[in-house]
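Examination of the molecular architecture
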Amino acid sequence: YQRRVRGITLVQQYTHKMSWQSYVDTNLVGTGLVSVAAIVGHDGSVWANSAGFNVSADEAKKLLAGFSDPGQLRASGLFINGEKYLVLKADDRSIYGKKGTGGVVTVKTGSAILVGVYNEKIQPGQCANVVEKLADYLIEQGY
């Protein structure tokens, strides 16, 4: 913005650049209750992800469709990072999947999908709580 002080025009820029990567690294994986994570846009683009953990555009597209019609995911499974998960829960906000002793928690916000994977050392409910709470925060922030 600009403002004049004693005849001098001061120009200040306020930029707020949200680091999606910090949400993955700190708010998800950094809790110790999520093994790897990603945040993807509704268009399938990856906003941030753990190293070596990739949600393809096709996987994101099918995941997004599953929030409104989970039938296909229930029938053929949920694929994330090339891994197939058995769908345990699916509604218009959250889709949970299981594979062996681990699993995945996905939560849709207004413009993104949070994906958190947990391994055998993490309780499913703990991972779900972390991902769901970050989704609540992002929704409150308009994302």
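Computed from a prediction, not measured in an experiment: that's the story for all the values here.

Attention now moves to the nonpolar core. Soluble globular proteins: nonpolar side chains tend toward being buried together. Judged by nonpolar contacts, the single largest core of 22 residues is most densely connected at L28, V34, I39, V105, L114, C127 and V131. Counting only elements with at least two residues in this core, the list comes to α1 (20-28), β3 (36-41), β8 (102-108), β9 (112-118) and α4 (124-140). Once you skip the residues sitting within four places of it in the chain, V34 turns out to touch L28, V29, G116, V117, I122, C127, V130 and V131. Core analysis: the second largest hydrophobic core is formed by 18 residues, A38, V40, L73 and V115 among them.

With that out of the way, let us pick up the confidence of the model for the protein chain. Within the protein chain, residue pLDDT values average 90, and 87% of them lie at 70 or more. This stretch, residues 9-17, has a pLDDT under 50; its non-local contacts, to residues over four places away or in other chains, come to 11 contacts.

Here we take up the layout of surface pockets. Within this model, the largest pocket holds a volume of roughly 170 Å³. Every residue along the wall of the largest pocket is listed here: D58, E59, K62, A65, G66, D69, Q72, L73, S76, G77, L78 and F79. Tallied by class, residues from the lining of the largest pocket come to 4 nonpolar, 4 polar and 4 charged.

Let us look at the packing of aromatic side chains. Enumeration according to the criterion identifies 4 aromatic pairs in this entry. Considering the side-chain rings of W20 and Y23, the 5.6 Å spacing of their centres and the 45° angle between planes classify their relative orientation as tilted. Taken together, the residues span about one helical turn, with W20 and Y23 both in helix α1 at a distance of 3 residues. When sorted by exposure, W20 lands in the same class as Y23, which is buried. With a centroid separation of 6.4 Å and an interplanar angle of 50°, the aromatic rings of Y23 and Y137 are classed as tilted. A residue pair is termed long-range when its members are at least 10 positions apart, and Y23 in helix α1 and Y137 in helix α4 qualify at 114 residues. Looking at Y137, the relative accessible area reads 36%, which means it is partly exposed. These aromatic residues form a ring-pair network of at least three members: W20, Y23, W47, Y137 and Y143.

Looking now at the pattern of salt bridges. What the rule picks out here adds up to 5 salt bridges. K62 is paired through a salt bridge with D58; the nearest N and O atoms lie 3.2 Å apart. Of this pair, K62 and D58 both sit in helix α2 (residues 57-68), 4 residues apart, which is roughly one turn of that helix. Across the pair D136 and R93 runs a salt bridge whose closest N-O atoms are separated by 2.7 Å. Placement of the pair is D136 in helix α4 and R93 in the loop between β6 (83-90) and β7 (94-99), with a sequence separation of 43 residues. The partly exposed category is assigned to D136, whose relative accessible area is 34%. Each member of the salt-bridge network shares a partner with another, and the members are R93, E132 and D136.

As a general feature of sheets, a regular strand has side chains that alternate between the two faces. Of all 7 residues making up β8, 6 are buried, and the element is well covered by its neighbours. For β7 and β8, the ladder comprises 6 bridges, and the chain directions are antiparallel. Counterpart to Y96 in the pairing with β8 is V105. Counting the residues between successive antiparallel strands, the hairpin from β7 to β8 contains 2 residues, one of them, G100, with a positive phi of roughly 60°. Across 6 bridges, the pairing between β8 and β9 is antiparallel. In the strand pairing of β9, V105 is matched with G116.

Rules and cut-offs
- Residues numbered from 1 in each chain as written.
- Predicted model: local features only at pLDDT ≥ 70, side-chain atom pairs only at ≥ 80, totals over all residues.
- Heavy atoms only, no water.
- Core = buried A, V, L, I, M, F, W, Y, C linked by side-chain atoms within 4.5 Å.
- Buried < 20%, exposed > 50% of the residue type's maximum accessible area, 1.4 Å probe, protein only.
- Helix = DSSP H or I, 4+ residues; strand = E, 2+ residues; numbered from the N terminus.
- Contact = heavy atoms within 4.5 Å.
- pLDDT = per-residue confidence, 0-100.
- 1 Å grid on protein atoms, 1.4 Å probe; cavity = no way out; pocket = protein on both sides within 12 Å on 5 of 7 lines; lining within 4 Å.
- Points joined across faces, edges and corners; volume = space filled by probe spheres on them.
- Nonpolar A, V, L, I, M, F, W, Y, C, P; charged D, E, K, R; others polar.
- Phe/Tyr/Trp six-rings, centres within 6.5 Å; stacked < 30°, edge-to-face > 60°.
- Salt bridge = Lys/Arg side-chain N within 4 Å of Asp/Glu carboxyl O.
- Pairing = 2+ DSSP bridges.

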